[in-house]
Amino acid sequence: MDSDLEPVALTPQKQDSAWKHCEVYKYGDRVQMRCLYCKKMFKGGGITRVKEHLAGKKGQGTICDQVPEEVRLFLQQCIDGTVRRQRKRRRSSAEPLPIAYFPPEETQVVEGSYVNNGEVVAAGGGQSSGRTKQRTYRSRKNIVERSELANVEDLIGGDMDNLIPVAISSVKNIVHPSSKDREKTVHMAIGRFLFDIGADFDAVSSVNFQPLVDAIVSGGFGVSLPANEDIKSWILKSCVEEVKKDIDECRPLWKRTGCSVLVQESNKVLNFLVHCPEKVVFLRSVDASEILTSSSDDDDDDDDDKLCEVLKEVVEEIGDTNVVQVITKCEDHYVSAGKKLMEAYPSLYWVPCAAHCVDKMLEEFGKIDWIREIIEQARTVTRIIYNHSGVLNLMKKFTYGNDILQPAFTTYSTNFATMARIAELKPHLQAMVTSSEWNECSYSKEAGGLAMTETINDESFWKALTLANNITVPLLRVLRIVCSVRRPGMGYVYAAVYRAKEAIKTHLVHREDYMVFWKIIDKWWLQQQRLPLHAAGFYLNPKFFYNIGEEMRSEIHLAVVDCIEKLVPEDTIQDIIGKDINSYKNAVGIFGRNLAIRARDTMLPAEWWSTYGESCLNLSRFAIRLLSQTCSSLVGSGRNLTPLKKVYESKNSIERQRLSDLVFVQYNMRLRRLGVESGDDNADPLSQSNMELLEDWVSRNQVCIEGNGSSDWKSLESFKRTEVAAVVIDETEDLGTGFDDGEIFKGEKEVSDEGYFTNISEKLFT
């Protein structure tokens, strides 16, 4: 049946939060959904059933036991909020409202009268005989909401159902705002508050924003607001305790599956994160400005020792037996400190960040002359579009609300992701510059507009752009795999790099052409090749292992042996694992059952071992420990709301500790959103948070300044976004079969650069 399932791209109409946590397929005329975590297939019930499955609502079908806790809590809040709103609507429509009737403008009512059983009656007794008009007001359209006249009953002291005295003069001028008007009032109040405090526009995207509004509404009128002292004292303290509790709950997981220490550097401040399959947490930060700045070789040695001591402190805090690897950038001081760390703790690895290595490859690709020229040509188009509101509106109209800029993990990956996005939107851009709207636009006659039109209509530009994308898009996939939160990259990165080199060879054909790019890859991947973790992850991933030849198995078998000897301290267990590998290798017992064979391609490798590895328990535990690790220190990286440097520049010890705790809370709150939010697909490329990545693509140049087009942001229109390109559901889907090109992983042996990387390798492996 799986082969008959056709993936379905999500549309902007799919607003429910649960859509982000399931895969959608079409099977004949029916739409089916599959949970991203436990892979359960839903053949009916709609998205509500999937949401209840993920939120753990008992009595509503099966409950997902693999969904991350933050996702479960978030969806529970969504369901609870929906239920509250439904109950409120039912109460407001079903209950008799203790409210006052008032007549429409054309009805003449004597002031001081009252309403009795739907009739206007004089204020002193019976029914008025002298009035000229009577009217019965039974429609609920002619009522004043009780929130506006909540004190009427107290004023009259009578029976609200039978007799409602009305001070007509007090209510006849009341204006009842529509729901849109009330919503606008709320939005304006929120906007004024955010503008007043200087918050980023992205603040409204926080997953905590809707719960904030719900809490305020549930508090009712007159709820007291926290004071400055409350925020900086007991509220911050409570949040710190909440986060510490979350981290303490992770510690048993670190022991069971092992964990990775991620070291991120920002302005000479080191951030230490801990990654395990269930959650990534921020542990603490350290001011390393003195350690990372040196002036002599002797200072270098001292600084490397100091850096190693900092790393050792973090490892001790986590527990050295729980740490599988420490991931840092691949720079000299980290290499030296990493080597010393492995000497101090023989049971763990220092590993250079795979994402950093891939980013360096992309940086060097971008320096190749013809690729650099294509990037600059593409930037002339984006600079013109994103500096003129009229042109931007026109582009959004023809691309159905899609941006041609694509923020990614780093500046260099953003360059090539944007080029890929421009290629996807080629027909839409060409339709724009040949349209009557563009020809009638005054800017189309300016130098910048003419240059943009020429570039978009230039087939040689598109041909070169396509070739550049064919070379770099496979590396972008490697980057997404190694930085994935939902799917640890250890079991996939080896295959992903193989496919990237294979794609380059396929598109460039001639050896002298593709070796230019292969040598760049091999130069930066040399350290990863020397370390056995990625090869062992490839070997232990059944998706790949049973699709490779005996020769390749033999080549990477040594990597598995190295990992066993390092990560498994007991000799007797090492021996048992060595024997169990033969059962796995030959698909003996349950490994060869049809159920296990089918699951090789559908389950995460660690889940596969957990499900089918019981007969080889020690090997299974080892495989799960290794396959549960990430390959990148960029997982969870991003802009801090409170600059870390500000913490260490504080001259007051108390305030410094308070700011440090604030960063601790903010960082972990942002990490909770990993896997809950949909990523950068809908990110505003002009937002401040993306400006650092996209600056070269949107910064105005002289051509933009001299043009006549308007840059008035107030004239920008809002467009509903419709996806015009295929949505990739699984980055690892086509990594599978065929690893028979012996040249691909022998390429690094031909790297002749004896400079930087030779020195690094000597430091690490001699």
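Our subject in this report is the structure included herewith.

About the criteria used
- Residues numbered from 1 in each chain as written.
- Predicted model: local features only at pLDDT ≥ 70, side-chain atom pairs only at ≥ 80, totals over all residues.
- Heavy atoms only, no water.
- Helix = DSSP H or I, 4+ residues; strand = E, 2+ residues; numbered from the N terminus.
- Buried < 20%, exposed > 50% of the residue type's maximum accessible area, 1.4 Å probe, protein only.
- Pairing = 2+ DSSP bridges.
- Right-handed = clockwise from strand over helix to strand, strands pointing away.
- Axes fitted to C-alpha atoms, helices over the stretch in contact; angles between N-to-C directions.
- Phe/Tyr/Trp six-rings, centres within 6.5 Å; stacked < 30°, edge-to-face > 60°.
- Lys NZ or Arg CZ within 6 Å of the ring centre and 35° of its normal.

Observations regarding unusual backbone geometry
Here's step 1: Of note in the backbone geometry, asparagine 267 takes a positive phi value of approximately 55° without being a glycine.
Here's step 2: Here asparagine 267 lies in the loop between β8 (259-266) and β9 (269-276).
Here's step 3: Judged by relative accessible area, which is 58%, asparagine 267 ranks as exposed.
Here's step 4: The backbone phi angle of valine 509 is positive, close to 65°, even though this residue is not glycine.
Here's step 5: With respect to the helices and strands, valine 509 occurs in the loop between α18 (493-508) and α19 (511-530).

Structural notes on the pairing of β8
A regular strand places its side chains on the two faces of the sheet in alternate fashion.
Here's step 1: Most of β8 sits inside the fold, with six of its eight residues counted as buried.
Here's step 2: As paired elements, β8 and strand β11 (residues 323-328) share four bridges and run parallel to each other. Looking at β11, one finds that serine 260 is bridged to glutamine 325.
Here's step 3: In this sheet, β9 lies alongside β8 in antiparallel orientation, the contact comprising seven bridges. Looking at the pairing, glutamine 264 lines up with asparagine 271 of β9.
Here's step 4: Hairpin remark: β8 followed by β9, antiparallel, with two residues in the connecting loop; positive phi at asparagine 267, about 55°.

Looking at the pairing of strand β12 (residues 349-352)
Here's step 1: Residues Tyr349 and Val351 of β12 are buried on one face, and the alternating residues Trp350 and Pro352, pointing to the opposite face, are buried as well.
Here's step 2: Relative to β12, β11 runs parallel, the two being bridged by four bridges. Residue pairing for β12: isoleucine 327 is matched across the bridge by valine 351.
Here's step 3: Read as a crossover between parallel neighbours, the route from β11 over helix α9 (residues 332-344) to β12 is right-handed.

Some words on the sheet that holds strand β10 (residues 279-287)
Here's step 1: Strands sit in the order β10-β9-β8-β11-β12 across an open sheet of five strands; the sheet is mixed. Strands at the two margins of the open sheet, each flanked by one partner only, are β10 and β12. Across the sheet, the mean angle separating the axes of adjacent strands is 25° when strand polarity is ignored.

A word on the packing of aromatic side chains
Here's step 1: In this structure the tally under the stated criterion is 24 aromatic pairs.
Here's step 2: Ring centres 5.4 Å apart and planes at 85° place the aromatic pair tryptophan 608 and tryptophan 609 in the edge-to-face group.
Here's step 3: Since its relative accessible area comes to 0%, tryptophan 608 is described here as buried.
Here's step 4: In this structure tryptophan 609 comes out as buried when scored by relative accessible area, which is 0%.
Here's step 5: Connected via pairs of aromatic rings, a cluster forms that spans Tyr539, Phe545, Tyr546, Tyr584, Phe591, Trp608, Trp609 and Tyr612.
Here's step 6: The residue whose ring lies beneath lysine 566 is tyrosine 349, and the NZ or CZ to ring-centre distance is 5.2 Å.

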